[in-house]
Amino acid sequence: MAKLALKGGNPLRTEKFPSWPQYGKKEREALDRVLESGVWGTLGSEVNKFAKRFAEYQQAKHGICVTNGTVTLEIILRGLGIGHGDEVIVPPYTFNATVSSVIFVGATPVFTDIEDGTYNIDPEKIEEAITPNTKAIIPVHIGGRACNMDRIMEIARKHNLFVIEDCAHAHGSEWKGRRVGSIGDAGSFSFQASKNLTAGEGGFITVNDTNLYEILWSIHHCGRDYHGKVWYDHVRIGTNARMTEWQAAILDAQMDRLDEQIEKRMANAQYLNSLLSQIPCVEPMVHDDRITRNSYHLFIFKYKSEACKDLPRETFLKALDAEGIPCSPGYISLYKQGMLQTEEMKRITGSKIEYSKLYLENTEKASTKEGVWLTQNLLLGEKKDIDDIANAIIKIYENVDELL
Ligand SMILES: Cc1ncc(COP(=O)(O)O)c(C=O)c1O
């Protein structure tokens, strides 16, 4: 009789993990408040209040509420004057938007590998990708884990490059006590449905420089002048990327829960890492004291097939899922994706890079062999939920022969 659930045995767990999103009376009241105010859009009091609140939370001087965390990147790139002929350094291990935004403004993405121990862009490989056309770097704080911002800022200053932090996963995360999104020239956040702070969709720009803030604000508001008084006067090319009052009101209510949730995820992640470090076929990501706060949008760990009789990761993931632990293999390296091989991409950017020929070792290892993702809601449970995750992995490890 098989023990593993994938082979017909009893699953280790049948209870569900905490669901996402979480909501209550505050969210209902927020929706009622907007409904009855009669102001449902166009920079109303909810949007303005949340812009201030979230910018302060991220320790940034200014904030702009935007439709989503893709358009935020496009607006930042445009606002910094980046376009055709320019190159932007990006990691390949990220969501599509980090790279599509670069192409969208006509610039060329140049890929730099990630670190094996963190899955964040490797600062030590950035300099070899810099050319006279390089204008910016987009570090992505993967899963909420802050990138090495000391090294990235040092390199950026040396080569006169902009730094756009992609903080889509990293609400409340810190590098050496400093909140992400306030370290580089601008930060981009997402409030899409899976995110740790969500209104279903939504985005946010953090920025310290007041002049850049006014430009980005103008772009998101159809190109109207920040100080302008005439409604139908448009001073620059912009778009309508304004957030609705509904979204801002929900986000304001969700923010009241954010710190408590981050603390819970961090405590559970620390406990889970301690359990995983004792299991031979998995490996936690490296610990770094400089990361003073991690939002843990994702809990990432490595699967080591060589310590599990060469069982492929895909089978391990299926077996883990069958035991009642939802999991996924995570990102596929972006340079391999169809988007970068299209004629349209070449036409828009003028890029001659043959992306399909790229092979960045750590990205390949993370995306095809080792990376395992658990979503943030799994870390909102209690000790028993975390024990179940580790015990399910141990069960697979001990009964691996059933799967060979
Ligand atoms: C790293 C990263 N950047 C950007 C985005 C884009 O955000 P949105 O979905 O709000 O457009 C996402 C969303 O998943 C993301 O994960």
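Scroll up a little and you will see the structure.
This structure is a prediction, so every number in the text was calculated from the model and none was measured.

## Regarding the overall build of the protein chain
Right, on to step 1. Looking only at helices and strands, one finds eleven helices and twelve strands in the protein chain.
Right, on to step 2. Dimensions of the protein chain along its principal axes, counting C-alpha atoms only, are 75 × 55 × 40 Å.
Right, on to step 3. Out of the 404 residues belonging to the protein chain, those deemed buried represent 49%.
Right, on to step 4. Counted over contacts in the protein chain with a minimum sequence separation of 6, partners at least 24 positions apart contribute 70%.

## Thoughts on unusual backbone geometry
Right, on to step 1. Of the consecutive residues Trp20 and Pro21, the connecting peptide bond is found in the cis state with omega at 5°.
Right, on to step 2. The phi dihedral of Tyr296 is positive, around 50°, even though this residue is not glycine.
Right, on to step 3. Structurally, the position occupied by Tyr296 is in the loop between strand S10 (282–284) and strand S11 (298–303).
Right, on to step 4. Take Tyr296: there are 29 C-beta atoms within 10 Å of it, and that puts it in the buried class.
Right, on to step 5. Although it is not a glycine, Lys309 sits at a positive phi angle of roughly 55°.
Right, on to step 6. Note on placement: Lys309 falls in the loop between S11 and helix H8 (313–322).

## Let's talk about the packing of H8 against helix H11 (residues 383–398)
Right, on to step 1. Direction vectors running N to C along H8 and H11 enclose 125°, while the axes themselves pass 10 Å from each other. Taken as axis vectors, H8 and H11 run oblique relative to one another. Seen along the crossing, H8 lies across H11 with a hand that is right-handed. Along its contact with H8, which presents Phe316, Ala319 and Leu320, the element H11 presents Ala392, Ile393 and Ile396.
Right, on to step 2. In terms of residue class, the contact of H8 with H11 is built from six nonpolar, no polar and no charged.

About the cut-offs
- Residues numbered from 1 in each chain as written.
- Predicted model: local features only at pLDDT ≥ 70, side-chain atom pairs only at ≥ 80, totals over all residues.
- Helix = DSSP H or I, 4+ residues; strand = E, 2+ residues; numbered from the N terminus.
- Buried ≥ 20, exposed ≤ 12 C-beta atoms within 10 Å, placed from the backbone.
- Contact = placed C-beta atoms within 7 Å.
- Axes fitted to C-alpha atoms, helices over the stretch in contact; angles between N-to-C directions.
- Parallel < 35°, antiparallel > 145°, perpendicular 65-115°, else oblique.
- Left-handed = near helix turned anticlockwise from the far one by under 90°.
- Nonpolar A, V, L, I, M, F, W, Y, C, P; charged D, E, K, R; others polar.

Note that all results are geometric; they support no functional claim without further evidence.
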